Amino acid sequence: MARSGKAEKTRQRIIETSAPVFNKQGFAGTSMSDILKATGLTKGGIYGNFSGKEELALEVFEYNKKTLFQGLEKHLKGKEGSLEKLHTFFRAHGLVVQQFSGGCPILNTAIEADDTHPELKKRARAAVFIWINYLKGVIRSGMDTGEIRDSVDEERISRMLISLLEGAVFMGKLLDKPEAYKDVIRHIRRIIDVELTNIDRLKK
């Protein structure tokens with residue numbers, strides 16, 4: 001049965017106000033009382049829109065993922081050339097993640113759900129593969145235009161770059177040292193500018 005406009009707005013408000021709580025405390029660490037406090041609703045107000053905490057957590061993940069992806073897309077819009085897109089992606093990731101209370105929602109979900117919540121793990125995994133496939137496509141395009149060496153293994157390098165990126169977020173947050181994050185990002189930039197670039201051809 002289709003929801004009324006008011007019911008849909010209430011449901012969306014619950015998702016949006018619960019999102020920071022789940023992202024900071026995780027699925028297991030978020031109680032129903034936390035959700036009630038964040039939303040200002042009664043249990044009936046929550047259960048009238050969601051079957052329970054699990055359904056809400058899944059919707060929150062999708063909301064956070066969409067917000068993160070849209071933020072990246074905004075920065076990437078209008079960028080031309082594979083090298084510019086690669087640099088923009090990794091620079092923009094840090095800027096967009098700063099908008100989330102608690103850090104990167106995909107990283108947070110992946111860490112917590114690894115052995116505890118198969119469905120959340122599945123969704124986090126799918127989100128990471130979207131990033132990997134995006135980078136693979138950018139790198140392939142760069143090989144076609146000559147910006148990137150045609151000997152690059154786009155599958156391997158894309159996985160490695162995402163691993164470095166999320167590892168940078170993890171270390172910066174764990175050590176409470178932004179420079180730990182910045183050090184890894186500088187290394188990623190060097191990989192793009194030196195290891196991927198078809199320097200000899202670009203000089204011609």
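Here's a quick rundown of the structure. From a predicted model like this one, the values you see are computed outputs, not experimental measurements. (Residues numbered from 1 in each chain as written. Predicted model: local features only at pLDDT ≥ 70, side-chain atom pairs only at ≥ 80, totals over all residues. Heavy atoms only, no water.)

**Quick word on the packing of helix α8 (residues 154-175) against helix α9 (residues 178-196)**
Running from N to C, α8 and α9 cross one another at 160°; their axes reach a closest spacing of 7 Å. Taken as axis vectors, α8 and α9 run roughly antiparallel relative to one another. The two elements α8 and α9 cross, and the hand of that crossing is right-handed. Seen from α8, the contacting residues are I157, M160, L161, L164, L165, A168, V169, M171, G172 and L175; seen from α9, they are A180, Y181, V184, I185, H187, I188, I191 and L196. Its residues assigned to classes, the contact of α8 with α9 comprises 16 nonpolar, two polar and no charged. (Axes fitted to C-alpha atoms, helices over the stretch in contact; angles between N-to-C directions. Helix = DSSP H or I, 4+ residues; strand = E, 2+ residues; numbered from the N terminus. Parallel < 35°, antiparallel > 145°, perpendicular 65-115°, else oblique. Left-handed = near helix turned anticlockwise from the far one by under 90°. Contact = heavy atoms within 4.5 Å. Nonpolar A, V, L, I, M, F, W, Y, C, P; charged D, E, K, R; others polar.)

**A short note on the pattern of salt bridges**
Where charged atoms from two side chains of opposite charge come close, those side chains can pair. All chains considered together, the criterion is met by nine salt bridges. E155 is the salt-bridge partner of K136, the closest N and O atoms lying 2.6 Å from each other. You can see K136 sitting in helix α7 (residues 118-145) and its partner E155 sitting in helix α8, a full 19 residues away along the chain. Here E155 falls in the partly exposed class, since its relative accessible area comes to 27%. (Salt bridge = Lys/Arg side-chain N within 4 Å of Asp/Glu carboxyl O. Buried < 20%, exposed > 50% of the residue type's maximum accessible area, 1.4 Å probe, protein only.)

**Examining the packing of aromatic side chains**
The relative placement of two aromatic rings is captured by the distance of their centres and the angle of their planes. Summed over all chains, the structure comprises four aromatic pairs. Ring centres 5.1 Å apart and planes at 80° place the aromatic pair F89 and F90 in the edge-to-face group. On the basis of relative accessible area, F89 is assigned to the buried category, the value being 2%. Ring geometry for F89 versus W131: centroids 6.1 Å apart, planes at 85°, classification edge-to-face. (Phe/Tyr/Trp six-rings, centres within 6.5 Å; stacked < 30°, edge-to-face > 60°.)

**With respect to the nonpolar core**
If you look at soluble globular proteins, the nonpolar side chains tend to sit buried side by side. Ranked by size, the top nonpolar core spans 54 residues in total, and within it L68, F89 and W131 carry the most contacts. Contributing elements (two or more residues each) for this core: α1 (5-29), α2 (32-39), α4 (53-76), α5 (82-97), α6 (105-113), α7, α8 and α9. When near neighbours in sequence (up to four residues on either side) are disregarded, F89 contacts L72, L76, W131, Y134, L135, I162 and L165. (Core = buried A, V, L, I, M, F, W, Y, C linked by side-chain atoms within 4.5 Å.)

**Digging into the packing of α1 against α6**
It is at 9 Å that the axes of α1 and α6 come closest, and there the two elements cross at 20°. Compared by their axis directions, α1 and α6 come out roughly parallel. In the crossing of α1 with α6, the sense of the turn from one axis to the other is right-handed. For the pair α1 and α6, contact is made by N23, G26, F27, A28 and G29 and by P105, N108 and E112, respectively. In terms of residue class, the contact of α1 with α6 is made up of three nonpolar, four polar and one charged.

**A word on a nonpolar patch on the surface**
A contiguous nonpolar patch, built from I111, F170, M171, L174 and L175 and spanning about 460 Å² of accessible area, is present on the exposed surface. Broken down by element, the nonpolar patch gets its largest block of residues, four residues, from α8. When you line up the elements, L174 lands in helix α8. Judged by relative accessible area, L174 falls into the exposed class, the value being 56%. (Patch = residues over 30% accessible without salt bridge, like charges linked within 9 Å, V, L, I, M, F, W, Y side chains within 5 Å. Areas by Shrake-Rupley, 256 points an atom, 1.4 Å probe, with all protein chains shown as cover.)

**Quick notes on the side chain of T109**
The residue T109 is located in helix α6 in this model. With residues near it in sequence (within four places) discarded, T109 still touches F61, L120 and A124.

**Some words on α4**
Along an α-helix, a turn takes 3.6 residues, which lines up residues three or four apart on a common side. In this model α4 runs 34 Å from its N-terminal to its C-terminal C-alpha over 24 residues, within 8% of the 34 Å that 1.5 Å per residue would give. Turning to α4, its buried residues number three or more, namely L56, A57, L58, V60, F61, N64, K65, L68, F69, G71, L72 and L76. Considering only its buried residues, α4 is in contact with α1, α2, α5, α6 and α7. Of the residues trailing α4, G78 is marked for its positive phi of about 85°. (Expected span 1.5 Å × (residues − 1).)

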